[in-house]
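In case you want the letters, here they are:
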Amino acid sequence: DAGITQSPRHKVTETGTPVTLRCHQTENHRYMYWYRQDPGHGLRLIHYSYGVKDTDKGEVSDGYSVSRSKTEDFLLTLESATSSQTSVYFCAIRSGVGANYGYTFGSGTRLTVV
Amino acid sequence: AQKVTQAQTEISVVEKEDVTLDCVYETRDTTYYLFWYKQPPSGELVFLIRRNSFDEQNEISGRYSWNFQKSTSSFNFTITASQVVDSAVYFCALSEAQGSSNTGKLIFGQGTTLQVKP
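Residues numbered from 1 in each chain as written. Chains lettered and ligands numbered in written order. Predicted model: local features only at pLDDT ≥ 70, side-chain atom pairs only at ≥ 80, totals over all residues. Heavy atoms only, no water.

Draft legend 1. Spotlight on the overall build of chain B. The number of helices and strands found in chain B is zero helices and twelve strands. Starting at the N terminus and ending at the C terminus, chain B contains elements arranged as β-β-β-β-β-β-β-β-β-β-β-β. At 14 Å, chain B has a C-alpha radius of gyration in line with the 13 Å of a compact globule built from 118 residues. A buried classification covers 46% of the 118 residues belonging to chain B. For chain B, the computed accessible surface area is about 5800 Å², with 48% contributed by carbon and sulfur atoms. Charged side chains of chain B number 10 positive and 13 negative; the gap between the two group centres comes to 3 Å. (Helix = DSSP H or I, 4+ residues; strand = E, 2+ residues; numbered from the N terminus. Rg over C-alpha atoms; globule rule 2.2 N^0.38 Å. Buried < 20%, exposed > 50% of the residue type's maximum accessible area, 1.4 Å probe, protein only. Areas by Shrake-Rupley, 256 points an atom, 1.4 Å probe, with all protein chains shown as cover. Lys, Arg positive; Asp, Glu negative; His and termini not counted. Charge placed at Lys NZ, Arg CZ, Asp CG, Glu CD.)

Draft legend 2. Spatial organisation of the overall build of chain A. When its secondary structure is counted, chain A shows zero helices and eleven strands. Shown N-terminal to C-terminal, the secondary structure of chain A runs as helices and strands in the order β-β-β-β-β-β-β-β-β-β-β. Taken against the 2.2 N^0.38 rule, which gives 13 Å for 114 residues, the C-alpha radius of gyration of chain A at 14 Å falls within 12% of a compact globule. C-alpha extents for chain A along the principal axes are approximately 45 × 30 × 25 Å. In chain A, buried positions account for 50% of the 114 residues. Taking the contacts inside chain A whose residues are at least 6 apart along the sequence as the reference set, 54% of them involve residues at least 24 apart. (Contact = heavy atoms within 4.5 Å.)

Draft legend 3. Spatial organisation of the nonpolar core. Residues Trp36, Phe75, Phe77, Tyr90 and Leu114 of chain B are the most contacted members of the largest nonpolar core, which totals 23 residues. Of all the elements in the fold, those that place two or more residues in this core are β2 (10-14), β3 (19-21), β5 (32-39), β8 (64-69), β9 (74-79), β10 (88-96) and β12 (112-117) of chain B. Counting residues per element, this core draws most heavily on β10 of chain B, at four residues. Contacts of Phe77 of chain B, omitting those with residues within four sequence positions, involve Val19, Thr20, Leu21, Trp36, Leu48, Tyr64, Ser65, Trp66 and Tyr90 of chain B. Counting 20 residues, the second largest nonpolar core, distinct from the first, contains Tyr31 of chain A together with Phe35, Leu45 and Leu106 of chain B. (Core = buried A, V, L, I, M, F, W, Y, C linked by side-chain atoms within 4.5 Å.)

Draft legend 4. The arrangement of the pairing of β12 of chain B in detail. Residue and element names in this part refer to chain B. Of the two faces of β12, only the one carrying Thr112, Leu114 and Val116 is buried; Thr113, Gln115 and Lys117 on the other face are not. Of the pairings in the sheet, the one linking β2 to β12 comprises five bridges and is parallel in character. Within the sheet, the bridge partner assigned to Glu10 lies in β12 and is Thr113. Looking at chain direction, β10 and β12 are connected through three bridges and run antiparallel. Counterpart to Ala88 in the pairing with β12 is Leu114. (Pairing = 2+ DSSP bridges.)

Draft legend 5. Up close: the state of the cysteines. Taken as a whole and assessed by the stated rule, the structure comprises two disulfides over all chains. Paired by a disulfide, Cys23 of chain A and Cys91 of chain A hold their sulfur atoms 1.8 Å apart. Between Cys23 of chain A and Cys91 of chain A, the S-S torsion sits near -75°, and that sign places the bridge as left-handed. With a gap of 68 residues between them, Cys23 of chain A in strand β3 (residues 19-25) and Cys91 of chain A in strand β9 (residues 87-95) connect regions that are remote in the sequence. Accessibility assignment for this pair places Cys23 of chain A and Cys91 of chain A in one class, buried. Between the sulfur of Cys23 of chain B and that of Cys92 of chain B lies a disulfide, 2.0 Å long from S to S. Looking along the S-S bond of the Cys23 of chain B-Cys92 of chain B disulfide, the torsion reads about -65°, which is the left-handed sense. Of this pair, Cys23 of chain B sits in the loop between β3 and β4 (24-26) while Cys92 of chain B sits in strand β10; the two residues are 69 residues apart in sequence, bridging distant segments of the chain. One exposure class covers both Cys23 of chain B and Cys92 of chain B, and it is buried. (Disulfide = S-S within 2.5 Å.)

Structure below.
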């Protein structure tokens, strides 16, 4: 199983402050993803990465930026947090081929913007 | 564009009842993967099953079974003899096929909250 950890697990921050969430993997998987989960919307893709310094936008990327300077770390930054960004954030990695193709998710980060 | 629809927002059943969770998808790809995930109250996402578009065989795993029908673009999930521990949010998801040029984005449905009462 691919090791994937998210930090922090919980965070409360004030409107207008910058926030960075970290996703760390212990295996050299190329593809990494950031999702947010909100009631009634399921999980929606924010940004994804297909290699070091290679990132692209998902369907809800406004207000978010990402960076991937090392294979193992994928950072999600809220430049100026807003209450609408209160959500649970999940990181995922894509791994395997053929019958082993799949996705592994981190435990999630619960972010509250007050 | 790819899309996954889970029309049932919430379902409530009594223990031992059978329950089916619906999933309808849209894609222009001829090769793709479908997934089901379970999210218990603890919050983590638990992988249940993956199906590729070339394999329409139904699958059974204990009390769980999946019915994949390309003709209706559906991938429904049935729990037989439901138990309280089955209470969770269930997500259906779709990804494009593997390949060097694709991004492997996983598109989720809105989720169905299943409550199983004792």
